[in-house]
Amino acid sequence: MPAVDLSTLSPEKTVDARGMACPGPLLEAKRAIPGVKVKSILEVTSSDIGTLEDIPLWCKKVGHDYMGNIEEAGYWRVFVRRGK
Amino acid sequence: MAEKISIILSDGSVDKLMVAATLASGAAVMEKEVLLFLTMGGLLAFRRGDWKTNSAISPDLSPVADAMRQGLKGDDKGALWLSTLRSAKEVGNLDIVACSQTMDMFGIKKDDLEPVVDSVGGVATYYSKAEEGQTIFI
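Residues numbered from 1 in each chain as written. Chains lettered and ligands numbered in written order. Predicted model: local features only at pLDDT ≥ 70, side-chain atom pairs only at ≥ 80, totals over all residues.

*Asks:* Break down the overall build of chain B for me, citing the residues and quoting the values.
*Replies:* Secondary structure assignment for chain B yields six helices and five strands. The order of α-helices and β-strands along chain B, N terminus first, is β-α-β-α-α-α-β-α-β-α-β. Whereas a compact globule of 138 residues would reach a radius of gyration of roughly 14 Å, chain B reaches 14 Å, a difference of no more than 12%. Referenced to the eigenvectors of the C-alpha coordinate spread, the extents of chain B come out at roughly 45 × 35 × 25 Å. For chain B, buried positions account for 35% of its 138 residues. Looking at chain B alone, contacts between residues at least 24 apart form 79% of all its contacts between residues at least 6 apart. (Helix = DSSP H or I, 4+ residues; strand = E, 2+ residues; numbered from the N terminus. Rg over C-alpha atoms; globule rule 2.2 N^0.38 Å. Buried ≥ 20, exposed ≤ 12 C-beta atoms within 10 Å, placed from the backbone. Contact = placed C-beta atoms within 7 Å.)

*Asks:* An account of the overall build of chain A is needed here, citing residue identities and associated values.
*Replies:* For chain A, the helix and strand inventory stands at two helices and four strands. Moving toward the C terminus, one meets the helices and strands of chain A in the order β-α-β-α-β-β. Taking 2.2 N^0.38 as the reference for a compact globule, 84 residues should give roughly 12 Å; the C-alpha atoms of chain A span a radius of gyration of 11 Å, in line with that estimate. Projecting the C-alpha coordinates of chain A onto the three principal axes gives extents of approximately 30 × 25 × 20 Å. Burial status across chain A gives 35% buried among its 84 residues.

*Asks:* I'd like a rundown of the environment of Glu43 of chain A, residues and numbers included.
*Replies:* All names here are of chain A. As for its position among the elements, Glu43 is in strand β2 (residues 41-46). Using a count of 23 C-beta atoms within 10 Å as the deciding quantity, one classes Glu43 as buried. The spacing of Glu43 and Val78 is 35 residues in sequence and 5.5 Å in space, taken between C-alpha atoms.

*Asks:* Could you give an account of the sheet that holds strand β5 (residues 134-137) of chain B, with specific residues and numbers?
*Replies:* Residues and elements named next belong to chain B. With respect to topology, five strands assemble into an open sheet ordered β4-β3-β2-β1-β5, the strand pairing being parallel. Lying at the two open borders of the sheet, with one neighbouring strand each, are β4 (119-121) and β5. The average angle at which neighbouring strand axes cross in this sheet is 25°, direction not considered. Sheet topology places strand β1 (residues 4-9) next to strand β2 (residues 33-38); six bridges connect them, and they run parallel. Looking at the pairing, Ile7 lines up with Leu36 of β2. Seen against the sheet, helix α1 (residues 14-29) touches β1, β2, β3 (93-99) and β5 and runs at an angle of roughly 170° to β1. (Pairing = 2+ DSSP bridges. Axes fitted to C-alpha atoms, helices over the stretch in contact; angles between N-to-C directions.)

*Asks:* Let's hear about the nonpolar core: which residues, and what values?
*Replies:* One recurring pattern in soluble globular proteins is that nonpolar side chains are buried together. Membership of the largest hydrophobic core comes to 49 residues, with the highest contact counts inside it found for Ala29 and Val80 of chain A together with Ala24, Leu36, Leu38 and Ala98 of chain B. The element that contributes the greatest number of residues to this core is α1 of chain B, accounting for eight residues. (Core = buried A, V, L, I, M, F, W, Y, C linked by C-beta atoms within 7 Å.)

*Asks:* Run through the interface of chain B and chain A, naming residues and quoting values.
*Replies:* Listed by partner, the interface residues are eleven residues for chain B and nine residues for chain A. Elements supplying a minimum of two residues to the side of chain B that touches chain A: α1 and α4 (80-91) of chain B. Examining the composition of the side of chain B that touches chain A, we find that five residues originate from one element, α4 of chain B, more than from any other. By residue class, the composition of the side of chain B that touches chain A is four nonpolar, five polar and two charged. (Nonpolar A, V, L, I, M, F, W, Y, C, P; charged D, E, K, R; others polar.)

As structure tokens, then:
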């Protein structure tokens, strides 16, 4: 169980990266993150399963908080809190 | 100071271009300082407009070349590697350098190359920019 109920989060911005292969969703996340305020939430939707590994690693590397993901039909909603 | 990574691309087949673009863009997203050095076939693939007709698949993949070409059909996926590199430059620090030796050999000028290429340099430029970073050869 995640500490936060992800379904209650209100992302400041959502980017739809469904249909994109690696590294598309990661590039979209990187491009979008400056558009949300520090401590606010970015949601990335992706149908690429690699995103579930890549986004947390990217967050760890560059200083954002990976909050988790929700699986939908054929894609995932991935939540990132901007850290810097 | 940012970590450095350099990628030497010496092959112009679409599968190698995709590998190079994916590694370069991933490194840029991870906030590394990225050098993509284009030489030989890797540089020829960056001649302006070449991506429109380039459907070369490397010999390693020849048994599945048809499947790969099929997978790349539709949208603008034939040039996905080029748009990936453009995106990487927008979001991170990616420097694309063309090998001057290959330019001389084939009579190519900077203006003949896709605008995504930043500059032309020789082997000393490569070592100077790549210094202390990890290198990937493709």
